[in-house]
Every structure is written in C-alpha cells, then in structure tokens.
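Overview (structure and organization)
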Amino acid sequence: MKFKFLIVLFLGLFTLLSMPEFSRAEYGDIILNRKAESMRKAGVNDVMFPHWFHRIRFKCKVCHEDIFILKAGANDINMSLIMNGEKCGKCHNGIIAWEPLYCDRCHSWEPGWLPGPVQHSKKVSK
Ligand code: HEC
Ligand code: HEC
Ligand code: HEC
C-alpha cells in the first residue's frame with residue numbers, strides 16, 4: 001500500500017495591508033460632530049475618534065458603557081467635561097494618555113474630506 005502525500009502549497013498572499021494614501025481614517029473610526037457648530041466657531045475640525053486604535057488597547061468594558069454609551073452620536077461630549085477628567089479626559093489626562101492640549105490630534109477631521117470607511121456620529125450638512 002502506498003501512501004499518498006498531498007502537498008498543498010499555499011502561496012503567500014501579499015495583500016496590500018497598507019491603507020491607501022488618501023484615507024485619513026481607518027475602518028470603524030467614528031466622527032464625533034454633535035457639537036459641529038461650536039467647533040466651527042472655535043476654529044477646530046470635527047473629531048475623528050480612532051475607535052479601532054482604542055479597541056486593541058482596552059477591553060470594551062473600560063469604555064462601554066461607563067464612559068461612553070454604545071451608540072454612535074449618543075454621547076454628549078464637550079471640552080469642559082474632558083478637561084475635568086470625564087469622557088475622553090478619563091485617559092487623556094497626561095497620565096494614561098497625553099493631555100487634551102493637543103487640539104489637532106483629536107480635532108483632525110476636516111469636513112468635506114473624502115469620506116473614507118468611516119462611521120459618522122451625526123451627519124452635518126456642508
Ligand atoms: C482627547 C481628544 C480631544 C482633544 C485633545 C481636544 N478635544 Fe475638543 N472635543 C473632543 C470631543 C470628543 C468633542 C465632542 C465633539 C462632538 O461630539 O461633537 C470636543 C468638542 C470640542 C468643542 C465643542 C464643544 C465645546 O466644548 O465647546 C470645542 C470648541 C473644542 N472641542 C475645542 C478644542 C480645543 C480648542 C482643543 C485644544 C485646546 C481641544 N478641543 C482638544 C475631543 C478633544
Ligand atoms: C477608549 C474607549 C472605547 C473603547 C475601549 C471601545 N469603544 Fe466603542 N465607542 C467609543 C466611542 C467614543 C464611541 C462613539 C460614541 C458616540 O458616537 O457617541 C463608541 C461607539 C461604539 C459603538 C457604536 C457604533 C454605532 O455605529 O452605533 C459600538 C457598537 C462599539 N463602540 C463597540 C465597541 C466594542 C465591541 C469594543 C471592544 C472591542 C469597544 N467599542 C471599545 C469608545 C470606546
Ligand atoms: C480608556 C482610555 C482612553 C479613553 C477613554 C480615550 N482614549 Fe484616546 N488614547 C488612549 C491611549 C492610551 C492612547 C495612546 C496614547 C499614546 O500613544 O501615548 C490614545 C490615543 C488617542 C489618539 C491618537 C491615536 C494615534 O493614532 O496615535 C487619539 C486621536 C485619541 N486617543 C482620541 C480620543 C478621543 C477623541 C477620545 C474620546 C472620545 C479618547 N481618545 C478616549 C486612551 C484613551
């Protein structure tokens with residue numbers, strides 16, 4: 001009796017893992033723009049929250065639902081809360097993560113940029 005050895009060769013699939021240049025956000029990122037008007041007035045961009053970036057670093061339970069309700073657009077966030085250590089400020093306090101002084105790191109979404117695979121917290125015209 002002869003044993004047959006079936007050798008299956010899987011050729012390495014070199015998929016394009018890098019994000020296309022034009023996309024400023026990753027899949028699953030959430031744009032927080034309930035406060036669009038106030039942000040325009042203050043001259044800052046909408047907030048692009050890198051959800052995935054955070055998800056790989058923390059258990060869901062860390063944020064949901066003690067800090068954030070599990071629903072896009074449902075969270076009422078503003079800068080006084082953040083500066084007082086609430087919401088994003090629970091971590092962005094200079095201890096767990098950098099302080100909320102670097103406006104542009106969070107306010108990085110220019111309305112009108114090519115919409116990538118991004119979930120919008122709230123649709124804003126213009
Ligand atoms: C850690 C992330 C983060 C940083 C850093 C940050 N913000 Fe915000 N900011 C937010 C989020 C989230 C909201 C709520 C956005 C929404 O829901 O529309 C917000 C809302 C705002 C608003 C509208 C609401 C309000 O409080 O008046 C203004 C204005 C604003 N930010 C200005 C700033 C300025 C100026 C800086 C830098 C000194 C800054 N932000 C830094 C996350 C951040
Ligand atoms: C660092 C905090 C943080 C962590 C950790 C986190 N999330 Fe979130 N999540 C958010 C924020 C902020 C929002 C946006 C809420 C809003 O738009 O008001 C959100 C929104 C969501 C939503 C709503 C999206 C929608 O379309 O309604 C789901 C679902 C969700 N998260 C699931 C998860 C799961 C599953 C995990 C763990 C694998 C996780 N999150 C970890 C902060 C976090
Ligand atoms: C549970 C803790 C936690 C919460 C809550 C949290 N963050 Fe973060 N965030 C982090 C940590 C940790 C980092 C990485 C800091 C570093 O690299 O030094 C980070 C990094 C970031 C970055 C930079 C991502 C990158 O590519 O380098 C952005 C933007 C950001 N957070 C926005 C937000 C916004 C907006 C909120 C609120 C909606 C928020 N974060 C809430 C912990 C948190």
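Residues numbered from 1 in each chain as written. Chains lettered and ligands numbered in written order. Predicted model: local features only at pLDDT ≥ 70, side-chain atom pairs only at ≥ 80, totals over all residues. Heavy atoms only, no water.

Concerning the coordination of the iron atom of ligand 2
- At 1.9 to 2.0 Å from the iron atom of ligand 2 lie its protein donor atoms, namely H51 (NE2) and H64 (NE2).
- Coordination at the iron atom of ligand 2 comes from 6 donor atoms whose angles at the metal span 87 to 179°, giving a geometry best classed as octahedral. A residue pair is termed long-range when its members are at least 10 positions apart, and H51 in helix α2 (residues 51-55) and H64 in the loop between α3 (60-63) and α4 (79-83) qualify at 13 residues. (Donors = N, O, S within 2.8 Å, 3.2 Å for Na, K, Ca; no water. Tetrahedral: all angles 85-135°; square planar, octahedral: opposite > 155°, others 65-115°. Helix = DSSP H or I, 4+ residues; strand = E, 2+ residues; numbered from the N terminus.)

Quick notes on the site of ligand 1
- Around ligand 1, the surrounding shell holds 22 residues, and the nearest of these are K35, M79, C103, C106 and H107.
- Within the backbone of M79, an N or O atom sits 2.8 Å from an oxygen atom of ligand 1.
- Those elements that place two or more of their residues in the shell around ligand 1 are α1 (36-42), α4 and α5 (103-106).
- Among the elements that take part in the shell around ligand 1, α1 stands out by supplying 3 residues, more than any other.
- For the shell around ligand 1, the residue count by class is 15 nonpolar, 5 polar and 2 charged. (Near = heavy atom within 4 Å. Polar contact = N/O pair within 3.5 Å; in protein donor to acceptor, adjacent residues only side chain to side chain. Nonpolar A, V, L, I, M, F, W, Y, C, P; charged D, E, K, R; others polar.)

So, the coordination of the iron atom of ligand 1
- M79 (SD) and H107 (NE2) make up the full set of protein donors to the iron atom of ligand 1, lying at 2.0 to 2.2 Å.
- Considering all 6 donor atoms around the iron atom of ligand 1, angles at the metal cover 84 to 178° and the coordination shape is octahedral. Of this pair, M79 sits in helix α4 while H107 sits in the loop between α5 and β3 (119-120); the two residues are 28 residues apart in sequence, bridging distant segments of the chain.

What to know about unusual backbone geometry
- For the bond from H64 to E65, the omega torsion is 0°, close enough to zero to count as cis.
- Looking at the element boundaries, E65 is found in the loop between α3 and α4.
- We note that K87 has phi near 50°; this positive angle belongs to a residue other than glycine.
- Mapping K87 onto the fold places it in the loop between α4 and α5.

So, the confidence of the model for the chain
- When the pLDDT values of the chain are averaged, the result is 80; 70% of them are 70 or greater.
- Here β3 is the element of the chain with the lowest mean pLDDT, 68, and α4 is the one with the highest, 98.
- Every residue in residues 5-23 is under pLDDT 50, and counting partners more than four places away or in other chains gives 3 contacts. (pLDDT = per-residue confidence, 0-100. Contact = heavy atoms within 4.5 Å.)

Things to note about the pattern of salt bridges
- Counted according to the given criterion, the structure contains 4 salt bridges.
- Ionic pairing is found between K35 and D76, a salt bridge with its closest N-O pair at 2.3 Å. Of the two residues, K35 is situated in the loop between β1 (30-32) and α1 and D76 in the loop between α3 and α4; the sequence distance between them amounts to 41 residues.
- D46 is paired through a salt bridge with R40; the nearest N and O atoms lie 3.1 Å apart.
- The class of D46 is buried, set by a relative accessible area of 3%.
- Among the ionic contacts, a cluster of salt bridges with common partners joins R34, K35 and D76. (Salt bridge = Lys/Arg side-chain N within 4 Å of Asp/Glu carboxyl O. Buried < 20%, exposed > 50% of the residue type's maximum accessible area, 1.4 Å probe, protein only.)

Some thoughts on the packing of aromatic side chains
- Under the definition given, this model contains 1 aromatic pair.
- Aromatic side chains W98 and Y102 sit 6.3 Å apart centroid to centroid with 80° between the ring planes, which places their arrangement in the edge-to-face category.
- Cation over ring: R105 sits above Y102, and NZ or CZ is 4.2 Å from the ring centre. (Phe/Tyr/Trp six-rings, centres within 6.5 Å; stacked < 30°, edge-to-face > 60°. Lys NZ or Arg CZ within 6 Å of the ring centre and 35° of its normal.)

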